[in-house]
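Examination of the molecular architecture
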Amino acid sequence: MSYFSELGLAEPILRALESKGYNDPTPIQRQSIPALLEGRDLLGIAQTGTGKTAAFSLPSLHHLAKEPKGRSHRGVRMLVLSPTRELAAQIAENMRVYARYLNLSVNCVFGGVPINQQKRKLQAGTDVLVATPGRLLDLIEQRAITLENVEIFVLDEADQMMDLGFIVPLKRIASMLPKQRQSLFFSATMPKAIAELGARFLNKPVRVEVAPQSTTAERVEQYVTFVSQSEKQALLTLKLREIKPERALVFTRTKHGADKVVRVLAGAGIRSAAIHGNKSQSQRTAALAAFKDGEIKVLIATDIAARGIDIAGVSHVFNYDLPNVPEQYVHRIGRTARNGADGIAIAFVSNDERPLLKDIEKLTKVKPVPMPLPKGFTEAAAQLPPPAKAPERPAQGRGGERGASGGRNYGPKRDGEGGNRRRRRPGGGGGRSGGGGRPGGGGGGARVGAHKDSVKRVG
C-alpha cells in the first residue's frame, strides 16, 4: 500500500498515480495533503520542482470528485492562478494526468491567444480553471466566467506575481471570490509584502516550509568565467561546440539579447531558439516543444522561463548575463539537476557584473569555481563566422495580450513578462528557496550531496 492510498484518496486518483509510477511523496506532499484533505487553508513556502502541483492537486481533485456538482453556467469550482503562461500550461497538464479517470474538466487560459475559443470552452462551466491574472480578468469583464462558486482557490508563485506587477489584479480577484472557500497560497519566499498579500486570501492557514530559503540546486556544479561583455558571444559558441550538451538553457537579461544570441549561434551552425515575452504564444510553444523533443539542444531564455520550464534532461545552464535580482539565479540554475540527475551551471561575468556575483554568493553561501577562458580563445573567437541575418519583422497584427483578448490590459503588458518588476539594488535580502532536496527539487551547495534516489516521485 502506497502513502497515497493510506491517505484515502479516491480510487481513480490512485489509479492515475499508479499508471505514472508515482509511489512515494515529496516532503511538501507529505506535509500538505493531510491538512488539505481536512479542508484547511495552507501557506506553503516552496519553489517549482518540489512537487507542490501534486500537493495541491490531489486533495483538491479528491474533494471535487467526492462532492460532485453539476457544472454551473460560466462557473468555476477550483481556480489556480499562475504568473506565467508556461507555468499555467504545465500545471494544467499535470492536473489532467491526475484527473484522467475522473469526470472532471480542467481548462487553462492565458493571454497571447484568441479569447473567443476560450470563452466557448468555459460557457458551460468548468471544474478546474488554471489561469494567468490578466486573461482571467479579461474573461470576467466579458462575462465569460464568474468566480462566485469557487470552492478552492490556489495562488501559485506569489512572489513572482509581485515581481511581475500583478498585485493590483490579485487584489481585484480576491474581492470577487466567495468568503467560504479553501485557499492555498504558495511562494518561494515570505517577505513582509508577500505575507500581507497572503493575509488577504487565507484563514488560519497551516504553514508548510519544505526547504531552507536561499539554497541553490542540489547536485549542481557551479562555475564562473570572467570575460568582457563583448567576448561572451564567442565564449558561448565555443563552449557549446566543446561540451555538446544534451540540453542547455542560456539565460540573457534582455529579449533583444536573447534574439542576438540565437543569430550568433545560427551563424556558427548551432541550432537554438529563443523564448521571451516578445515572442507570440505559438512561437513560445513551438520552441519549448522542440527543446523538449530534442529537436534543438539549446534554448535561449529571459527570466520568464526560469520558473516555467520543467523539462527533464537539462544538463547545462549558462548565465550569459547575471540577473539583477540575486534570487533569480537560484531559479535559473534550478532548471538543471532535476529528478536525481546532476547538472552544471556556468556564469559569464563581466567586470560590471562582479557586484551582482558577490550578492549571489552572499545569498547562496556558495562561491562558484573559477573556470578560465579556453586555451587559444582569442584566436578561436576571431575565426568564428558572423551572426546569421536577422529575419525581417512581420507587419504588426492582432497579437499580444490586448489584441488577442479584446479586453483591457491588466498589470503587465503580457502575462508572464514585463510590468512593474521589482528592481532591487545588489545586496537585496530575502533569498528564494532552491528546492526541496528531493528529485524534482533542489538543495544547496556548489556540489552538495551525491545520493541517488531511485523512487519515482510525484512532480
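Further up the page is the structure itself.
Quick summary incoming for the structure in this document. (Residues numbered from 1 in each chain as written. Predicted model: local features only at pLDDT ≥ 70, side-chain atom pairs only at ≥ 80, totals over all residues. Heavy atoms only, no water.)

1. Considering the pattern of salt bridges
Across all of its chains, the model carries 16 salt bridges by this definition. We note a salt bridge from Glu-151 to Arg-77, for which the minimum N-O separation is 2.7 Å. On the criterion of sequence distance, the pair formed by Glu-151 in the loop between α7 (133–141) and β5 (152–155) and Arg-77 in strand β2 (residues 76–81) is long-range, its members being 74 residues apart. Here Glu-151 and Arg-77 have matching classes, each one buried. (Salt bridge = Lys/Arg side-chain N within 4 Å of Asp/Glu carboxyl O. Helix = DSSP H or I, 4+ residues; strand = E, 2+ residues; numbered from the N terminus. Buried < 20%, exposed > 50% of the residue type's maximum accessible area, 1.4 Å probe, protein only.)

2. Section: the packing of aromatic side chains
On inspection of all chains with the given rule, the structure shows 6 aromatic pairs. Both rings, one in Tyr-3 and one in Phe-4, keep their centres 6.0 Å apart while their planes meet at 75°; by these two values the pair is edge-to-face. You can call Tyr-3 buried: its relative accessible area is 15%. One aromatic cluster is present, formed by Phe-153, Phe-185 and Phe-201 through successive ring pairs. Stacked on the ring of Tyr-3, the Lys or Arg Arg-30 has its end atom at 4.4 Å from the ring centre. The aromatic ring of Phe-226 is capped on one face by Arg-354, whose charged end is 4.1 Å from the ring centroid. (Phe/Tyr/Trp six-rings, centres within 6.5 Å; stacked < 30°, edge-to-face > 60°. Lys NZ or Arg CZ within 6 Å of the ring centre and 35° of its normal.)

3. Regarding the nonpolar core
In summary, soluble globular proteins display a tendency toward joint burial of nonpolar side chains. With 42 residues, the main nonpolar core has Phe-56, Leu-58, Leu-61, Met-78, Met-95 and Val-130 as its most contacted residues. Not counting residues up to four positions away in its chain, the partners in contact with Met-95 are Phe-56, Ser-57, Leu-61, Met-78, Val-80, Val-106, Val-128 and Val-130. In terms of nonpolar packing, the next biggest core, distinct from the first, is built from 35 residues, Leu-129, Ile-140, Ile-145 and Leu-164 among them. (Core = buried A, V, L, I, M, F, W, Y, C linked by side-chain atoms within 4.5 Å. Contact = heavy atoms within 4.5 Å.)

So far we have only geometry, and geometry alone does not tell us how the molecule works.
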